[in-house]
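Chain and residue survey
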Amino acid sequence: TVIEVEENLDERVARRISGTFEVPLYMTDAGAPGSRLFYGADGLPTRNGSFTADFRCIVPHAALAGPDGATVPARPAVYGHGLLGSEREVSAGNVRSMANEHNFVFCATKWIGMSEQDIGNAVSILGDLSRFPTLADRLQQGMLNTLFLGRLMIHAAGLSSHPAFQGSDGRPVIDARELFYDGNSQGGIMGGAVTAIAIDWTRAVLGVPGMNYSILLHRSVDWDTYAAIYH
């Protein structure tokens, strides 16, 4: 579902598109922060309805800059946001510049489990580490959401079937032949995990990651706040 289309954000981004998509849910409590994986009688995670995930995409001017305004389909890339952030980070200045300079359409969704929605749960875990599985379980649903967003970017019945992802000539702004991944900080860490299980992309950029969080957290500008709670 496309909810909002913003035109001509700046000299780099021709269109910013926001909306939602449906993903199979494998969590309790509708997948809300603090929920756990939903297990079936066989002891394995079992589908428990659907989860509505948010997405945001940016289409560069380069994708619409062919002769007489013809569409020049851009390479699609899933973008992974940073620590406890959101899909809105796909609009960051460095991502906008890369999109237009190299003709990429970037799309992002929340890394649920460690997104802005999960800050309260993350804080509560620092006070009671027995609750840590609520973070890890939701991160697994977050990886599934990310995989589904990637599939949506390259499937014929996905994003390209909507006018918001087409040029004035009716051609898709996405070149669906190959999908990529690009993530920074937390997006670099989680990007490594999701790339390991991805079947729709084989190339990924993992920017400024700490492989694992014990390396990342102490260098994070946010750690002073969380350290006070942890100690």
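Right above here is the structure, for reference.
Presented here is a report on the structure given in the accompanying data block.

How each quantity is defined
- Residues numbered from 1 in each chain as written.
- Predicted model: local features only at pLDDT ≥ 70, side-chain atom pairs only at ≥ 80, totals over all residues.
- Heavy atoms only, no water.
- Helix = DSSP H or I, 4+ residues; strand = E, 2+ residues; numbered from the N terminus.
- Buried < 20%, exposed > 50% of the residue type's maximum accessible area, 1.4 Å probe, protein only.
- Axes fitted to C-alpha atoms, helices over the stretch in contact; angles between N-to-C directions.
- Parallel < 35°, antiparallel > 145°, perpendicular 65-115°, else oblique.
- Left-handed = near helix turned anticlockwise from the far one by under 90°.
- Contact = heavy atoms within 4.5 Å.
- Nonpolar A, V, L, I, M, F, W, Y, C, P; charged D, E, K, R; others polar.
- Phe/Tyr/Trp six-rings, centres within 6.5 Å; stacked < 30°, edge-to-face > 60°.
- Arc of directions from axis to C-beta.
- Salt bridge = Lys/Arg side-chain N within 4 Å of Asp/Glu carboxyl O.

A word on unusual backbone geometry. A positive phi angle, close to 50°, is found at Asn 8, a residue other than glycine. Counting through the fold element by element, Asn 8 comes out in the loop between strand S1 (2-7) and strand S2 (13-24). In this structure Asn 8 comes out as exposed when scored by relative accessible area, which is 54%.

The next subject is the packing of helix H2 (residues 119-127) against helix H6 (residues 223-230). Relative to each other, H2 and H6 sit at 45°, their axes nearing to 8 Å. The pairing of H2 with H6 is recorded here as oblique in orientation. Judged by the sense of rotation from one axis to the other, the crossing of H2 with H6 is right-handed. Residues Ile 119, Val 123 and Leu 126 of H2 touch H6, and the partners they reach there are Tyr 226, Ile 229 and Tyr 230. Taken together, the residues of the contact of H2 with H6 break down into six nonpolar, no polar and no charged.

Attention now moves to the packing of aromatic side chains. With the rule as written, the count across this model stands at five aromatic pairs. Seen from their ring centres, Phe 21 and Phe 55 are 6.4 Å apart, and the 50° between their planes marks the pair as tilted. With Phe 21 in strand S2 and Phe 55 in strand S3 (residues 50-60), the pair connects residues that are 34 residues apart, well separated along the chain. For Phe 21, a relative accessible area of 6% translates into the label buried. Residue Phe 55 is classed as buried on the basis of its relative accessible area, which comes to 2%.

Before going further, it helps to examine H6. Looking at H6, one finds that the buried residues are Trp 223, Tyr 226 and Ala 227. Seen end-on, H6 carries its buried residues on one side only, within an arc spanning 105°. The exposed residues of H6 that point more than 90 degrees off its buried face are Asp 224, Thr 225 and Ala 228.

Attention shifts here to the pattern of salt bridges. Evaluation of the coordinates by the stated rule reveals 13 salt bridges. Between Asp 200 and Arg 151 there is a salt bridge; the shortest N-O distance is 2.6 Å. Residue Asp 200 is located in the loop between helix H4 (186-197) and strand S7 (201-207), and its partner Arg 151 is located in helix H3 (residues 133-154); the two are separated by 49 residues in the primary sequence. Since its relative accessible area comes to 36%, Arg 151 is described here as partly exposed. The partner of Asp 175 in a salt bridge is Arg 177, with the nearest N and O atoms 2.7 Å apart. Classification of Asp 175 by relative accessible area gives buried; the value is 17%. Arg 177 sits in the exposed class, given a relative accessible area of 75%. Here the salt bridges do not stand alone but share partners, grouping Asp 10, Glu 11, Arg 12 and Arg 96 into one network.

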